[in-house]
Structure formats: structure tokens, C-alpha cells
Amino acid sequence: MDAWISAFPWKRFFHLTLLLVQLSFPSVAASCRILRCNSEFVAATLDLGSSAGALGDGGTAGGSAGGAPLSREAVNAGYCRALRSYGMCTKKMARACRGDLAYHSAVQGIEDLLIQHRCPRAGPTAQPRPLPQGTLSGDCLYLKDQMAKLDQVAEVLHCGVFGDPHIRTFYNEFQTCSVPGAWPLVDNQYLYVQATSSPMRGGAFATALTKVTIIFKNWRQCVDQQLYQAELDNVPPAFADGSVSSGERHGHHSLLVRTQSPGLHAEIRATHIGTVLVVRQVGHSLSLSLRAPRSIVQAFGPEQDLQLCVWGCPPSQRLDTLRPPHVAAPPPLPAHAHCGSLLPARDIYYRACVFDVVTTGDLNVSAASVAALQDARALIADAKTLHLLPVASAQTGLALVNPAVLLLLLSLLGAASTS
């Protein structure tokens, strides 16, 4: 362990690590909107993230929007602007966040970082990060150059929700959640997706998706607001108004619904945002798989800070997939053998299968994990990332941190270690 620690020169900044890890958890009270401040700070420093870590190698680094090198001074000035904005945001939250540990940690952390980066208290602040624009062509198609990027793994993201329920986030974190009721999966400039989870029949402690609501938001001349709703035993091959398409322009539709099995499956294609959603029923539960370009996924503001497909479920609602609740003994061998015969790779889908079988006592629930893997195979561009291993998923430690926040954390520590 000592050798591992000594390999990282930023080990002395462990208090900063703890601060940003804590702030990345969406678990603060609803009345205290410290997450809004946190999101604004992350957004303001995203373009600086990759540059700070490289400063030790030559004094300049990439990371600007145009790809030009950023000097160490420019990076530091950017952090100072972001920190001053962060501080102003926390001051506005002072009354609502009184007594909140995450809030007071943020205030103290900002003070420490201002001193560390030698930032003047007065000065310019960070400008709000604009939402992605110009991704649509005049024909309401996601631009050809953007569509070409869909073949690049870094530009297309996948989220899957299935089973009890299990969530594979856009950033390849895997979580099993206890989230009864309605929760937003996606909430951005173009799209809102909500899932409702209810207790399963025959399982005292198991829940499953019983309703999926999808709202395509009104967008310029391309599409009027359109609603799709699926419920258990009713996965319609059409939108709520009965139509199967919407937003006709120059001979094509921006929205199109089609099905392979009426009542049990629906695939919705949103060509104006390069997005595909698949809703299906397997047994007594629904599942959702979604593929979208990164620029679409990230087109949200700081007030949209609860998205299970982006951040995962709140820490207080996460379950240990390797140890199902209310099961004192290890999972019985039939669960391992049954799931192993269907899912030979010992990946997250296999673990989800074992979890669901043990929790419900019903071998048939394994079909949800099998279907989720099939949908993921169809939607994930890079086959190498299909089979996530449990150790690489969001089970423990820093894997719980959203990658965007972790990137920011490492870049801050990199800058600190060279100062």
C-alpha cells in the first residue's frame, strides 16, 4: 500500500479528494441546492480538466475548446474564475443549506482552493457553460459529421435499466437500486425519461419497473412535444396520441415508433437528436435501453441534477449487488448455475441475474438480464465495453464518483501537485 501511495504525488491532498467525492453524491436535502453549485463548478472547469494534469510535463497543455495549448497561468485563471462563481453560488444557498455537511464542506473547500491557486477574492467569474447548439441540420437530422462520430466510442453513450432495478449509467457505472416510486432517468434540453418502480409480485423485498414515461420536448421546427408511456402489460407501439410518427419534414419523420412484438416491445427513433430508445416487457417487469450522442446527454443545466442514467441513484438507495438484502447466507447454487447457463460471462448482467433470482426466488426473472444484455449488444458500438465486470462497476470506493467529477478531481490534484 505504501508503494502505491508513493506513486501518486497528490497523496497529500487527500482532504480535497474526500471533499469532491462527497460533493459528487446526489444525496443532499432537496431544500439545499448545493448540487446546483457543484454542477456549475464542474461545467465551468470541464475544458480545463485535461490540461491541468499535463502541466508538469512542459508548462503548457491542451484542453481549450479550440484545441490550442493552454498555459499554466491560463488554466489557473480559469480555475479562479470558476472558484469565485462557486463561492457566490454557495452564498446564495447559505440559509437553505444551514447545517448541511456537504454545503459547509464546500464552503471550506472553496476557501482552501482559493488560497492554493493564489486567487484574488475579487475578479471575473466564470460564464455559464452554453448548452450544445447547432447539432441539427436544416432537415432536422443530427448532422452528418456528428452522425459519423457515432462510430467513435467516446461520442455515443448507452444507459440500461432493468430487473430489480439495475442501472448501467451513461458512464458505465453499474448499480442496483432501491428506488420505489417515480425517478427521472434522463432530463435534458431535448428529452425527459422517467421510470416508476413498484414491488414485484411474489417478491417481498424486490421491486421492478412498472411504468416508463418518455417526453420528447418541443424543438424548433423539428418536433412538437410528444409523449410515450408504457406500463406493465401494455407496451404500446405508438405514442400517447395514437400516432406512430411525428415531425415530418422533407419526406422523413423526426420521431418514429416501431415494434417487434406488439404490447411487449417498442423502439423509438429520434433522428433529430440521433437517439434510440427501446422499451420492452420481460416477465413481470419493464426494461429500458437508450443510446444517445454525448452532446445530447450532456445538454442539461445545473437545476437538472437528478438523473439516474447520468449520476446513478442516490447513495442511500444503492444496494450491494454481490450481497442481496435480507439474504444471510450466500446465494444458493441453483441461482449461479441457472444464470451461468444463460450468461456465461461473469459480468454485471450475470450478477444482476443472480441478485434477482435470489431476491425473488423465481428463476424466470433471469430473462430480464438476458434481454438487457441483448439490447445493450445492439446499442453499444464498442463490443469491448459490452461486458462490464463487477469490479469495474459502481460497487465501492471511487467508482461511485461520476467520471466527469473524477476527471475534474484528478486535474485539480494534478495542478496542485505541480504548484
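Residues numbered from 1 in each chain as written. Predicted model: local features only at pLDDT ≥ 70, side-chain atom pairs only at ≥ 80, totals over all residues. Heavy atoms only, no water.

(A) Quick look at the nonpolar core. Grouped together as the largest cluster of nonpolar side chains are 49 residues, with contacts concentrated most on Phe-170, Leu-185, Leu-191, Val-193, Ile-214, Phe-216 and Tyr-228. Beyond its immediate sequence surroundings of up to four residues, Tyr-228 is in contact with Val-212, Thr-213, Ile-214, Val-235, Pro-236, Ala-238, Phe-239, Ala-240, Ala-266, Ile-268 and Val-279. (Core = buried A, V, L, I, M, F, W, Y, C linked by side-chain atoms within 4.5 Å. Buried < 20%, exposed > 50% of the residue type's maximum accessible area, 1.4 Å probe, protein only. Contact = heavy atoms within 4.5 Å.)

(B) Broad picture of the sheet that holds strand β7 (residues 191-199). Read across the sheet, 4 strands follow the order β6-β7-β8-β9 without closing on themselves; strand pairing throughout is antiparallel. Every other strand in the sheet has two partners, leaving β6 (181-187) and β9 (226-231) as the edge strands with one partner each. Looking at each pair of strands side by side, their axes are set apart by 20° on average, direction ignored. (Pairing = 2+ DSSP bridges. Helix = DSSP H or I, 4+ residues; strand = E, 2+ residues; numbered from the N terminus. Axes fitted to C-alpha atoms, helices over the stretch in contact; angles between N-to-C directions.)

(C) Layout of the confidence of the model for the protein chain. Looking at the protein chain, the pLDDT average stands at 76 and 70% of residues meet or exceed 70. Per-residue pLDDT stays below 50 along residues 49-67; that stretch engages in 42 contacts with residues further than four places along the chain or on separate chains. (pLDDT = per-residue confidence, 0-100.)

(D) Inspection of the pattern of salt bridges at higher detail. This structure, assessed with the given rule, holds 5 salt bridges. Here Glu-111 ties to Arg-121 by a salt bridge, and the two come within 2.7 Å at their closest N and O atoms. Here Glu-111 is found in helix α6 (residues 101-116), whereas its partner Arg-121 is found in the loop between α6 and α7 (144-149), with 10 residues between them in sequence. By relative accessible area, which is 31% here, Glu-111 ends up partly exposed. Between Glu-267 and Arg-269 there is a salt bridge whose closest N-O contact spans 2.8 Å. The class for Arg-269 is partly exposed, based on a relative accessible area of 31%. By sharing partners, the salt bridges in this structure join Arg-258, Glu-267 and Arg-269 into a single network. (Salt bridge = Lys/Arg side-chain N within 4 Å of Asp/Glu carboxyl O.)

(E) Spatial organisation of the state of the cysteines. Within the structure shown, the criterion is met by 5 disulfides. Two residues, Cys-159 and Cys-309, share a disulfide whose sulfurs are 2.0 Å apart. Where Cys-159 bonds to Cys-309 through sulfur, the torsion about that S-S bond is close to -75°, and the disulfide is left-handed. In this pair, Cys-159 sits in strand β3 (residues 156-162) while Cys-309 sits in helix α9 (residues 308-311), placing the two residues 150 residues apart along the sequence. For the pair shown, Cys-159 and Cys-309 are each scored as buried. Residue Cys-339 pairs covalently with Cys-353 via a disulfide, S to S 2.0 Å. Judged by the sign of its S-S torsion, about -80°, the bond between Cys-339 and Cys-353 is left-handed. Within this pair, whereas Cys-339 is found in helix α10 (residues 333-342), its partner Cys-353 is found in helix α11 (residues 348-360), the two being separated by 14 residues in sequence. Pair check on accessibility: Cys-339 and Cys-353 agree, each one buried. (Disulfide = S-S within 2.5 Å.)

(F) A look at unusual backbone geometry. Backbone geometry places Asn-172, a non-glycine residue, at a positive phi of 60°. Looking at the secondary structure, you find Asn-172 in the loop between β4 (166-168) and β5 (174-177). Residue Asp-233 is not a glycine yet carries a positive backbone phi of 70°. By secondary structure assignment, the location of Asp-233 is in the loop between β9 and β10 (245-249). Given the relative accessible area of 57%, Asp-233 is considered exposed.

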